[in-house]
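Each chain, letter by letter, is given below.
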Amino acid sequence: MELNPLQYPIGKFSAPDVITPELRKEWISIIDALPGQLATLLTGVDETLLEKPYRAGGWSARKVIHHLYDSHINSYIRFKMALTEEIPTIKPYDENTWAAMPDGNEAPIEWSIEGIKYIHLRWVYLMETMQESDWSRTYFHPERGITYRLDRVLGIYAWHCVHHLKHIESVI
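Heads up: these notes are all about the structure in this document. Keep in mind that what you see is a predicted model, and the values were worked out from it rather than measured.

## Regarding the overall build of the protein chain
Working step 1: Across its full length, the protein chain holds seven helices and two strands.
Working step 2: Helices and strands appear in the protein chain in the N-to-C order α-α-α-α-α-α-β-β-α.
Working step 3: Its C-alpha radius of gyration of 16 Å places the protein chain within 12% of the 16 Å reference for a compact globule of 172 residues.
Working step 4: Dimensions of the protein chain, computed from the C-alpha atoms along their principal axes, are close to 45 × 35 × 30 Å.
Working step 5: Within the protein chain, the fraction of its 172 residues that count as buried is 44%.
Working step 6: Distance from the positive charge centre (17 side chains) to the negative charge centre (23 side chains) of the protein chain: 2 Å.

Spelled out as structure tokens, the structure:
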């Protein structure tokens with residue numbers, strides 16, 4: 001089945017067989033860059049564009065921005081859990097329900113852009129100070145039935161940054 005390029009503008013995430021320190025550094029730099037890219041892209045944006053979905057049946061740009069904050073704060077917490085507990089079971093959340101709440105559907109985007117800025121500062125600092133052995137630590141996702149290694153999660157979230165940045169760019 002062919003992917004919808006509006007839904008997956010950079011394709012789906014595919015983890016390489018081997019995740020090297022160099023690749024992790026590249027992925028961390030993508031996460032580090034996102035807050036500045038969002039701020040630059042969205043400075044002075046016409047509010048009406050924020051209500052435009054990136055595809056038929058997709059979220060508005062506003063929802064995508066707030067989703068990035070919700071998702072990345074959850075990922076940061078999951079990293080900390082994996083680093084401090086033995087294979088913790090994380091708490092999943094319903095991203096569609098969260099996106100439909102007033103703070104995800106109506107709130108000013110600046111709140112989430114600022115939140116992303118500070119979560120990413122902490123998250124990047126944490127990742128840059130992790131030991132090599134920390135990257136093999138894991139958490140369990142009960143809805144998916146998958147145990148995720150932190151190095152793979154890093155790749156997923158670097159992809160997530162670019163994936164949603166492309167969605168936002170497509171309507172701005």
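## As for the side chain of His-66
Working step 1: Of note, His-66 is situated in helix α3 (residues 61-84).
Working step 2: In this structure, His-66 is in contact with Asp-103, Gly-104, Asn-105, Ala-107, Pro-108, Ile-109 and Ser-112, ignoring residues within four places of it in sequence.

## Structural notes on the nonpolar core
Working step 1: Ranked by internal contacts, the top residues of the largest apolar core, which has 42 residues, are Ile-31, Leu-38, Leu-42, Phe-79, Met-127, Trp-135 and Leu-154.
Working step 2: Of all elements in the fold, only α1 (21-42), α3, α6 (109-128) and α7 (150-171) reach the threshold of two or more residues within this core.
Working step 3: If you tally residues by element for this core, the top one is α7, at nine residues.
Working step 4: The residues contacting Leu-42, other than those within four sequence positions of it, are Leu-50, Ile-65, Ile-109, Ile-113, Ile-168 and Ile-172.

## Re the pairing of strand β2 (residues 146-149)
Working step 1: Two strands pair when backbone bridges link them, and strand β1 (residues 138-141) and β2 are joined in this way by four bridges, in the antiparallel orientation. Bridged to His-141 within β2 is Ile-146.
Working step 2: In this structure, the hairpin formed by β1 and β2 is closed by a connection of four residues, where Gly-145 is found at a positive phi of approximately 65 degrees.

## Details of the packing of aromatic side chains
Working step 1: Applying the stated criterion across every chain, the model contains six aromatic pairs.
Working step 2: For the ring pair Tyr-139 and Tyr-148, a centre distance of 5.9 Å and an interplane angle of 45 degrees mean the geometry is tilted. Of the two residues, Tyr-139 and Tyr-148, neither departs from the other in class, the shared state being buried.
Working step 3: Put simply, the rings of Phe-79, Trp-123, Trp-135 and Tyr-157 pair up and form one aromatic cluster.

## Quick look at the environment of Trp-123
Working step 1: Within the fold, Trp-123 resides in helix α6.
Working step 2: Trp-123 gets classed as buried once you look at its relative accessible area, which sits at 0%.
Working step 3: Remark: the alpha-carbon pair of Trp-123 and Lys-80, spanning 43 residues in sequence, is separated by 9.3 Å.
Working step 4: Discounting chain neighbours no more than four positions away, the residues touching Trp-123 are Ile-31, His-72, Ser-75, Tyr-76, Phe-79 and Tyr-157.

What counts, and where the lines are drawn
- Residues numbered from 1 in each chain as written.
- Predicted model: local features only at pLDDT ≥ 70, side-chain atom pairs only at ≥ 80, totals over all residues.
- Heavy atoms only, no water.
- Helix = DSSP H or I, 4+ residues; strand = E, 2+ residues; numbered from the N terminus.
- Rg over C-alpha atoms; globule rule 2.2 N^0.38 Å.
- Buried < 20%, exposed > 50% of the residue type's maximum accessible area, 1.4 Å probe, protein only.
- Lys, Arg positive; Asp, Glu negative; His and termini not counted.
- Charge placed at Lys NZ, Arg CZ, Asp CG, Glu CD.
- Contact = heavy atoms within 4.5 Å.
- Core = buried A, V, L, I, M, F, W, Y, C linked by side-chain atoms within 4.5 Å.
- Pairing = 2+ DSSP bridges.
- Phe/Tyr/Trp six-rings, centres within 6.5 Å; stacked < 30°, edge-to-face > 60°.

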